[in-house]
Amino acid sequence: MKVLVVGTGAREHAICDALKDDVELYAYMSKNNPGIAKISTYKIGDEGEVDKVAEFAKENGIELAVIGPEAPLGKGIVNALEDVGVPCVGPAQESARIETDKSFMRNLFEKYEIAGSVVYKVFDNFDDIDKFLDEFDRDVVVKPVGLTGGKGVKIVGDHLRDNQDAKLYAKEVFETEMGGFAKVILEEKIVGEEFTIQAFCDGEHLVAMPAAQDHPHAFENDQGLITGGMGSYTDTDGLLPFLSQEDYDAAVAIMKDTLKAIAKETTPYKGILYGQFMLSKDGPKLIEYNARFGDPECMNVLPLLKTPMIDICKDIVAGELKEAEFEDLATVCKYIVPDGYPDTPHAGEIVEVDEEGIEKLGAKVYYAAVNEEDDGIHLSGSRALGIIAKGKTIAEAEEIAEKACGLVKGNVYHRRDVGTEALLQKRVDHMKSILDE
């Protein structure tokens, strides 16, 4: 079967890797990702030019497409591909609004009385925000309405000193429009531990994957700016050290209710639904949805997948999704980034990757924002590659991943603390202190 994967990064490399043994693989990517290039017939082009992607698919007789990143989904790539007869694992533009329009998501929760929502308000001007924050007695989260690449959200107590500081940031969003955003959402800040559940969806049925926890801060001990994600882990039972089966099930129930609501409000949602939750003293609260796999969380779950990925993809487009089986192992992913990331002076430099040595350790490398040229693999200003390892415990997976990170040479950095016992205990203790309040 001819299958097209759209996207350039480590998430798409992981998707391609999960498909490669069972399909004739094609890829459409904006840069020459060395991992994807090795295993596919590919074209370099702008993934956002959806008509050109559809033309490429038609010319090559593509029978199914898997869409990796969010931006093409927001531009209607699924609609364009389906217009030329290519079914997709990915939501249509209308239902992709669950990620591309945060106000749509919150309004959906309110209209259909879905559990796990938070207090929020949508604004289209600064004056109303100014008045609202003068009276609101809780810390807030400021979210531009639209896609910000995981970097537009700012939180009081983390990036912002107080609600007065939140005002200044909201004003900045309106004045610069941050690429054209004319609305801002203010949400109450929920205190707890974040976790992610990704799920396969066929429009009616939802099959959840193991829970993962991302590490969005750039530096160790959760310091620095929030980035696109510096690493993540899963545990052997599909849960997390601080996450009970009851809490996991409650989060999945929220996602199932969301799937039903999307179908009523727009078009049936077919693809990957990514739920980012905060486990609070009152249970899981939905922070936001993504309309695709997470990056890095995709790299944790797909190497554990025992059910052939192509079978799941076929079932999604046919509306016949049943189940997905995963190995009962833990995983740890650590992202290699240029020194100084996210403000790095090392973009364009060469990074050396000992793929053979990494594989001998029992780890995998997934290439992200790099570009392979004749003289080697070049860094960009963003995350370079993900190192993923499996183990019978998180500790075992972390040890392998850390050793593998040492086989990447260049002006690069990674968070050594991702998956370590000390950081996991910090998460457990934090959650216990919240529940004991």
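Structural notes, computed from the coordinates.

The rules behind the values
Residues numbered from 1 in each chain as written. Predicted model: local features only at pLDDT ≥ 70, side-chain atom pairs only at ≥ 80, totals over all residues. Heavy atoms only, no water. Pairing = 2+ DSSP bridges. Helix = DSSP H or I, 4+ residues; strand = E, 2+ residues; numbered from the N terminus. Contact = heavy atoms within 4.5 Å. Phe/Tyr/Trp six-rings, centres within 6.5 Å; stacked < 30°, edge-to-face > 60°. Buried < 20%, exposed > 50% of the residue type's maximum accessible area, 1.4 Å probe, protein only. Core = buried A, V, L, I, M, F, W, Y, C linked by side-chain atoms within 4.5 Å. Axes fitted to C-alpha atoms, helices over the stretch in contact; angles between N-to-C directions. Parallel < 35°, antiparallel > 145°, perpendicular 65-115°, else oblique. Nonpolar A, V, L, I, M, F, W, Y, C, P; charged D, E, K, R; others polar. Arc of directions from axis to C-beta.

### With respect to the pairing of strand 21 (residues 370-373)
Link 1 in the chain: Where strand 21 lies against strand 22 (residues 376-379), 4 bridges are found, and the strand directions are antiparallel. Counterpart to V370 in the pairing with strand 22 is L379.

### Some thoughts on the side chain of N32
Link 1 in the chain: With respect to the helices and strands, N32 occurs in the loop between strand 2 (24-29) and helix 2 (34-39).
Link 2 in the chain: If sequence neighbours within four positions are ignored, N32 has contacts with A37, Y42, I44, V370, N371 and E372.

### Brief notes about the sheet that holds strand 21
Link 1 in the chain: As summarised here, the arrangement of the 4 strands in space is 21-22-19-24, forming an open sheet in which the pairing is antiparallel. Sheet topology places strand 21 and strand 24 (408-409) at the edges, where each strand pairs with a single neighbour.

### Here we look at the packing of aromatic side chains
Link 1 in the chain: Across all of its chains, the model carries 8 aromatic pairs by this definition.
Link 2 in the chain: Ring centres of F200 and F293 lie 6.2 Å apart, and the angle between their planes is 90 degrees; on these two criteria the pair is classed as edge-to-face. Within this pair, whereas F200 is found in strand 10 (residues 193-202), its partner F293 is found in the loop between strand 17 (283-290) and helix 11 (297-301), the two being separated by 93 residues in sequence.
Link 3 in the chain: Judged by relative accessible area, F200 falls into the buried class, the value being 0%.

### Quick look at the nonpolar core
Link 1 in the chain: If you look at the biggest cluster of nonpolar residues, it comprises 81 residues, and the most contacted ones within it are L4, I98 and I387.
Link 2 in the chain: Ranked by the residues each element gives to this core, the list is headed by helix 10 (residues 245-265), at 8 residues.
Link 3 in the chain: Not counting residues within four places of it along the chain, the set of residues in contact with L4 comprises Y26, A27, Y28, V53, F56, A57, I62, L64, A65 and V66.
Link 4 in the chain: Core analysis: the next-biggest nonpolar cluster, separate from the first, contains 43 residues, C16, I36, V207 and I316 among them.

### Quick look at unusual backbone geometry
Excluding glycine, residues mostly carry a negative phi; peptide bonds, for their part, are mostly trans.
Link 1 in the chain: The omega torsion across Y341 and P342 is 10 degrees, close enough to zero to call that bond cis.
Link 2 in the chain: For P342, the location among the structural elements is in the loop between strand 18 (330-338) and strand 19 (350-353).
Link 3 in the chain: For E113, which is not glycine, the phi dihedral falls at a positive 50 degrees.
Link 4 in the chain: You can call E113 exposed: its relative accessible area is 73%.
Link 5 in the chain: Its identity as a non-glycine residue notwithstanding, D222 has a phi of 60 degrees, on the positive side.
Link 6 in the chain: Summarising the element assignment, D222 is placed in the loop between strand 13 (217-219) and strand 14 (223-226).

### Some remarks on the pairing of strand 4 (residues 64-67)
Link 1 in the chain: Burial along strand 4 is two-sided: L64 and V66 and A65 and I67, pointing in opposite directions, are all buried.
Link 2 in the chain: Alignment of strand 1 (residues 2-6) against strand 4, held across 4 bridges, turns out to be parallel. Residue pairing for strand 4: V5 is matched across the bridge by V66.
Link 3 in the chain: Where strand 4 meets strand 5 (residues 88-89), 2 bridges bridge the pair, whose relative direction is parallel. Across the sheet, V66 pairs through a bridge with V89, a residue of strand 5.

### Considerations on the packing of helix 1 (residues 10-19) against helix 12 (residues 309-318)
Link 1 in the chain: Following both chains from N to C, one finds helix 1 and helix 12 inclined at 100 degrees, their axes separated by 8 Å at the closest point. What the angle tells us is that helix 1 and helix 12 run roughly perpendicular. Here helix 1 contributes I15, A18 and L19 to the contact with helix 12, which in turn contributes M309, I310 and C313.
Link 2 in the chain: Within the contact of helix 1 with helix 12, the residues separate by chemical class into 6 nonpolar, no polar and no charged.

### Brief notes about helix 12
Link 1 in the chain: If you check which residues of helix 12 are buried, you get M309, I310, I312, C313 and I316. On an axial view of helix 12, the arc spanned by its buried residues comes to 160 degrees, and they lie on one face.
Link 2 in the chain: Against strand 1, helix 1, strand 4, strand 5, strand 10 and strand 16 (270-280) lie the buried residues of helix 12.
Link 3 in the chain: Immediately downstream of helix 12, the backbone of G319 shows phi near 70 degrees, a positive value.

### Overview of the sheet that holds strand 3 (residues 41-44)
Link 1 in the chain: Strand order in the open sheet formed by 5 strands is 3-2-1-4-5, and the pairing between neighbours is parallel. With one partner strand each, in any of the chains shown, strand 3 and strand 5 form the two edges of the open sheet.
Link 2 in the chain: Inspection of the sheet shows strand 1 paired to strand 2 by 5 bridges, in the parallel sense. Across the sheet, V3 pairs through a bridge with L25, a residue of strand 2.
Link 3 in the chain: Set on the sheet, helix 1 makes contact with strand 1, strand 2 and strand 4; between it and strand 1 the angle comes to about 165 degrees.

### Considering the side chain of E398
Link 1 in the chain: With respect to the helices and strands, E398 occurs in helix 14 (residues 394-405).
Link 2 in the chain: Among the residues examined, E398 registers a relative accessible area of 13% and is labelled buried.
Link 3 in the chain: Excluding residues within four positions of it along the chain, E398 makes contact with V332, K334, R416, V418, G419 and T420.

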